[in-house]
Amino acid sequence: MSKLYVFGIGGTGVRVLKSLTMLLAAGVECGVDTIVPIIIDRDMSNKDLSRTILLIEDYIDVNRIADTKGKNKFFKTKIELLNNELCLQLKDNTQKFSDFIGKSTMSPENQALVEMLFSNETLELDMTAGFQGNPNIGSVVLNQFDDSDIFKAFATNFSKGDKIFIISSIFGGTGASGFPLLRKILHTPNVKGSDGQDLPNWGLVNDALIGAISVLPYFMVGSATDNSLVNSDTFIDKSKAALSYYKTEDKKLDTFYYIADKRTTTYDHHKGGDEQKNDAHFVELASALAILDFVNPDKEKSNIHRNAEKKINYTTYKEFGMNADVAEINFNDLVDETKKLLINPLSRFMLFRNYMTMVFDKESKYQPYARKRFNNDFRKNETIKKLEAVQAQFYNWLQEMEKQNRRFSPFNLTTLSAFDFVKGDVSINESKDFMYKNWAKVDNELNSQIGKMDKALKNEQCFIELFYSTTEELINYKN
């Protein structure tokens, strides 16, 4: 089974992984069987991280019933955690940067040198909330992450044919510093663990196909209300400096993606912790699409350019584009390739979510498909509760993207109707009868499809297969 190991570095890496999980829940095509996410972030208490962890845990539980051997694509791609952990924990949890580098134990001469290199504000920085836009600190602290337990599990589990993808921002501290460090370690021969032994399968890691996306500024932050060092006025200058250095990554990555947005939203300023909860953004969704593009088997010839010795001949560079520079994006604003990839899965999952919220358990007399199968206590089933929890997060994710200065708003999120929720001049279904309208049409299709289900399926498996088959029948966009 083919695997893609996805390293999400810093807050942007976490949020892109969240968008990727939403796309996989909706059944967007993925060119590998299994995604293995690994988050690298110093700030382990931020709300964006905790929300993503909960989402992925719920997804994994639902995925266990999603392999129905039938049509179903909801939650189809497996997400697997190394050592049952999502986050790569750094061994050293020293809070102050000055303590991390051992300034107090240095000779007076070395202390003087350190004070020339770093301001007192930087030396006293509390790193529990991340590196606060200081990649120079991150490049020092993150040098230890290859000695973590998850990194060892990554090497142990790595197999021939597995791929690697790295997500990072370029305008902060953790992502800008962590990406080049991680890439360098992945290509360093004979990396050893803390026991002095070579990490297993490291030759396979060295030779693996590797892609990355570098996210340039797409939001700003307001003035600090605490002692945070993050200042969005420096985002562009930091990006330029990082881009100058990233020139050295040419021929070290198979495919390198870039994305940015000039139409920025300004978030409240929080240096980290529980208050850091940025609304989802279309840039993060598009960044997740870069991951799917990298593993798309139809794109291999354009993405990968290696010689007979499996060395990279040249790096493929890609950016994300749309049909028009608009403030509100719907499916019609996406190029045909992206539109075809997204419109059916997202619309089908949205119909599934809307039915569960508005109809299920409310009109049982019209639902013979549910009798003796999906009524009474069915929604109390733990897996179905997790399914509905992901659907709730999916809806919130869409709501949050509508709050941005560049809104992604493909759906009418407030309609109570079954089939008018897709915005724009888009026809997603073909009317086959005039007898049933609105939600009665959905019930009629469910009643029709239940007889086609494999009787060997467990109740929960039958449920998810039933709703995929029904939504596939009702929603079928054709360009």
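Here the structure is a predicted model, which means the values were calculated and not measured.

Caption draft 1: Fine view of the overall build of the protein chain. A tally of helices and strands in the protein chain yields 16 helices and eleven strands. Counting only residues that meet the buried cut, the protein chain has 55% of its 479 residues in that class. Excluding contacts between residues fewer than 6 apart, the proportion of contacts in the protein chain whose partners are at least 24 apart in sequence is 77%. When the accessible area of the protein chain is evaluated, it comes to approximately 21000 Å², of which 47% is carbon and sulfur surface.

Caption draft 2: Just the sheet that holds strand 7 (residues 255–259), in detail. Strands sit in the order 3-2-1-4-5-7-9 across an open sheet of seven strands; the sheet is parallel. Of all the strands in the sheet, the pair left with one neighbour each is strand 3 (78–79) and strand 9 (316–319). Both strand 7 and strand 9 contribute to a ladder of four bridges, which runs parallel. By the bridge assignment for strand 9, Tyr 257 is matched with Lys 318. Running at roughly 140° to strand 1 (residues 3–9), helix 1 (residues 10–26) makes contact with strand 1, strand 2 (34–40), strand 3, strand 4 (163–169) and strand 5 (210–215) of the sheet. Sheet strands touched by helix 11 (residues 282–294): strand 1, strand 4, strand 5, strand 7 and strand 9. Its angle to strand 7, the strand with the most contacts, is close to 165°.

Caption draft 3: Representation of the nonpolar core in the model. With 137 residues, the main nonpolar core has Phe 75 and Phe 154 as its most contacted residues. The contact partners of Phe 154, leaving out residues within four places of it in the chain, are Tyr 5, Phe 7, Ile 38, Leu 82, Ile 164, Leu 186, Trp 202 and Val 205.

Caption draft 4: Seen up close, the packing of aromatic side chains. Within the structure shown, the criterion is met by 35 aromatic pairs. Positioned above the aromatic ring of Tyr 395 is the side chain of Arg 353, whose terminal nitrogen or guanidinium carbon lies 3.8 Å from the ring centre.

Caption draft 5: Up close: unusual backbone geometry. Its identity as a non-glycine residue notwithstanding, Lys 310 has a phi of 65°, on the positive side. As for its placement among the helices and strands, Lys 310 is situated in the loop between helix 12 (300–303) and strand 9. The residue Asn 438 is not glycine, and still its phi comes out positive at about 50°. Mapped onto the fold, Asn 438 is located in helix 15 (residues 438–449).

Caption draft 6: Highlighting the pairing of strand 5. Across the six residues that make up strand 5, a large majority, six, are buried. Two elements, strand 4 and strand 5, share six bridges in a ladder whose sense is parallel. In the strand pairing of strand 5, Ser 168 is matched with Ser 214. Across five bridges, the pairing between strand 5 and strand 7 is parallel.

The rules we used
Within every chain, residues take consecutive numbers counted from 1 along the sequence as written. Local features in a predicted model are, by the rule used here, given only for residues with pLDDT of at least 70; side-chain atom pairs are given and counted only at 80 or more, and totals for whole chains, interfaces and linings are based on all residues. To obtain the side-chain values, all non-hydrogen atoms of the structure were included, while hydrogens and water were left out. The secondary structure listing takes helices from DSSP runs of H or I that are at least 4 residues long and strands from runs of E that are at least 2 residues long, numbered from the N terminus. Accessible area is worked out with a 1.4 Å probe on protein chains only. A residue is then buried under 20% of its type maximum, exposed over 50%, and partly exposed in between. Here, two residues are considered to be in contact whenever any of their heavy atoms come within 4.5 Å of each other. Working definition of accessibility: Shrake-Rupley area with a 1.4 Å probe, residue cover restricted to the visible protein chains. Pairing between two strands requires that DSSP report at least two bridges joining them. Fitting a line to C-alpha atoms yields each axis, with helices limited to the stretch in contact; the angle taken between N-to-C directions then spans 0 to 180 degrees. In these notes, a set of buried Ala, Val, Leu, Ile, Met, Phe, Trp, Tyr and Cys residues joined through side-chain atoms within 4.5 Å is what counts as a nonpolar core. When the centres of two rings from Phe, Tyr and Trp lie within 6.5 Å, Trp using its six-membered ring, the rings pair. Their planes under 30 degrees apart give stacked, over 60 give edge-to-face, and anything left gives tilted. The rule is short: NZ of Lys or CZ of Arg within 6 Å of the ring centre and within 35 degrees of the ring normal puts a charge over the ring.

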